[in-house]
Amino acid sequence: MVPLSYYLLLSGFLFACGVAGFLIKRNIITIFMSIELMLNGVNLSFVAFAAHWHALSGQVFVFFVMVVAAAEAAVGLAIIIMVYRTRETLNVDQVNLLKL
Amino acid sequence: MSFHLILFLAFGAVCVGGAVNLLAQRHPINSALSLIAVMAALAGEYLLLGAEFVAAVQVIVYAGAVMVLFVFVIMLLNAGEEQETKGSRVAVLLGVPGILTGGVLIAWVVARHSGTEAVAIGALPGPPADLAQLLFHDFLLPFEVTSVLILIAIMGAVVLANKPEATARKVD
């Protein structure tokens, strides 16, 4: 017997880890991975609620989240490549100007 | 202690360990590998919740495609160890107690006000046929819109990651 609250706590923990990584990490790629971690935490609570309420819509929403995450990863990594090309660094502290 | 709970705890431990390791590691490639572990363990959790198809897609799309993209970019840019920067002391002094208080509060509320019976693998309304019925019928418009989104993302990635000289040469 696994209560819903266990899944929600795990999901909240993953989301919190993602937020913490987003705030304390300095490498732009790691920050990006923290965002993926947050999305994964949310996906877990979607699936847990879908199981709890016997509603499949929650699982369909997980697909949409995955699609958005994949699109975001593709565009974001392209932006990271471009930032690295112009600035030669991945440290966000040194990337503080929109314009060179 | 049921078998379900043991599996949940095992996968959950991998999730928690991977997430903490992602924060603790200094090198991005180590963070990426621990994120892959988190995603694979989450696929196991989805299986426990009766969502077989979501679990398969999680492994294929997330742990497969997206993370390969990440690892590829890390190797392409030859990303090294992350540099330390000085954090604010006020943030540490106020943030840590704040996080602890918030976490305990949320955990208490969630643990108190929710409960559910366990589900057997495959017992839930999760067969791919039902999911497809919902996805291609009730959610048809969002589905089509996401395909446009993917197309735009592909074009955006190609345009952004293209070398400026390559574009200039094509124009000439």
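Here the structure is shown first, and the text comes after it.
Here the residue numbering is sequential within each chain, running from 1 through the sequence in written order. Chains carry letters and ligands carry numbers; both start at the beginning, A for chains and 1 for ligands, and go up in the order they are written. Where totals are concerned, whole chains, interfaces and linings use all residues; where local detail is concerned, this predicted model gives features only for residues with pLDDT of at least 70, and gives and counts side-chain atom pairs only at 80 or more. In computing side-chain properties, one takes all heavy atoms of the structure into account and sets aside hydrogens as well as water.

(A) Examining the nonpolar core more closely. Residues grouped as a nonpolar core are buried Ala, Val, Leu, Ile, Met, Phe, Trp, Tyr and Cys residues, joined through side-chain atoms within 4.5 Å. Note on exposure labels: buried denotes an accessible area under 20% of the residue type's maximum, exposed denotes more than 50%, and partly exposed covers the range between, all computed with a 1.4 Å probe on protein chains only. Grouped together as the largest cluster of nonpolar side chains are 62 residues, with contacts concentrated most on Tyr7, Ile29, Met33 and Leu37 of chain A together with Val54 and Phe70 of chain B. Put simply, DSSP marks the helices as runs of H or I at least four residues long and the strands as runs of E at least two long, and each gets a number from the N terminus on. Those elements that provide at least two residues to this core are helix 1 (4–24), helix 2 (28–53) and helix 3 (57–87) of chain A together with helix 1 (3–24), helix 2 (28–48), helix 3 (52–77) and helix 5 (128–138) of chain B. With 12 residues, the top contributor of residues to this core is helix 3 of chain B. For this analysis, residues touch if any pair of their heavy atoms sits within 4.5 Å. Aside from chain neighbours lying at most four places away, what touches Val54 of chain B is Val47, Gln59, Val62, Phe63 and Met66 of chain A together with Tyr46 of chain B.

(B) Spotlight on the interface of chain A and chain B. At the junction of the two partners, chain A supplies 63 residues and chain B supplies 71 residues. As a working definition, buried area equals the accessible area (1.4 Å probe) given up by two parts on being put together, with both sides summed. Summing both partners gives a buried area of about 6100 Å² for chain A against chain B, and 78% of it is carried by carbon and sulfur. Counted as salt bridges are all cases of a side-chain nitrogen of Lys or Arg within 4 Å of a carboxyl oxygen of Asp or Glu. Connecting chain A to chain B are zero salt bridges. Put simply, the parts of the chain that give the side of chain A that touches chain B at least two residues each are helix 1, helix 2 and helix 3 of chain A. Asp, Glu, Lys and Arg are counted as charged, while Ala, Val, Leu, Ile, Met, Phe, Trp, Tyr, Cys and Pro are counted as nonpolar; the rest, among them Gly, fall into the polar class. The residue makeup of the side of chain A that touches chain B, split by class, is 45 nonpolar, 13 polar and five charged.

(C) Broad picture of the pattern of salt bridges. Residues and elements named next belong to chain A. All told, the structure shown has one salt bridge over all chains when counted by the stated rule. In this structure, the salt-bridge partner of Asp93 is Arg26, at a minimum N-O distance of 3.2 Å. Here Asp93, found in the segment after helix 3, pairs with Arg26, found in the loop between helix 1 and helix 2; they are 67 residues apart in sequence, far enough to count as distant. Asp93 gets classed as partly exposed once you look at its relative accessible area, which sits at 35%.

(D) Quick look at helix 3 of chain A. In a helix, the anticipated span is given by 1.5 Å times the number of residues less one. In this model, helix 3 of chain A (31 residues) spans 44 Å end to end at C-alpha, consistent with the 45 Å of a helix rising 1.5 Å per residue. Immediately downstream of helix 3 of chain A, the backbone of Glu88 of chain A shows phi near 60 degrees, a positive value.

(E) Structural view of helix 2 of chain B. The end-to-end C-alpha distance of helix 2 of chain B, which contains 21 residues, comes to 30 Å, matching closely the 30 Å that a straight helix rising 1.5 Å per residue would cover. Phi for Gly50 of chain B, located one or two positions after helix 2 of chain B, is positive at around 85 degrees.

(F) Examining the packing of helix 2 of chain B against helix 3 of chain B more closely. All names here are of chain B. In this description, a line fitted to the C-alpha atoms serves as the axis of each element, helices being fitted only across the stretch in contact, and the angle between N-to-C directions of two axes falls anywhere from 0 to 180 degrees. Between helix 2 and helix 3, the shortest axis-to-axis distance is 8 Å and the interhelical angle comes to 175 degrees. When the interaxial angle is binned, helix 2 and helix 3 end up roughly antiparallel. Packed against helix 2, whose contacting residues are Pro28, Ile29, Ala32, Leu35, Ile36, Met39, Leu42, Ala43, Tyr46 and Leu47, the element helix 3 presents Glu52, Val54, Ala55, Gln58, Val59, Tyr62, Ala63, Met67, Val71, Ile74 and Met75 at the interface. By residue class, the composition of the contact of helix 2 with helix 3 is 19 nonpolar, one polar and one charged. Roughly parallel means an angle under 35 degrees; roughly antiparallel means over 145; roughly perpendicular covers 65 to 115; every other angle is labelled oblique.

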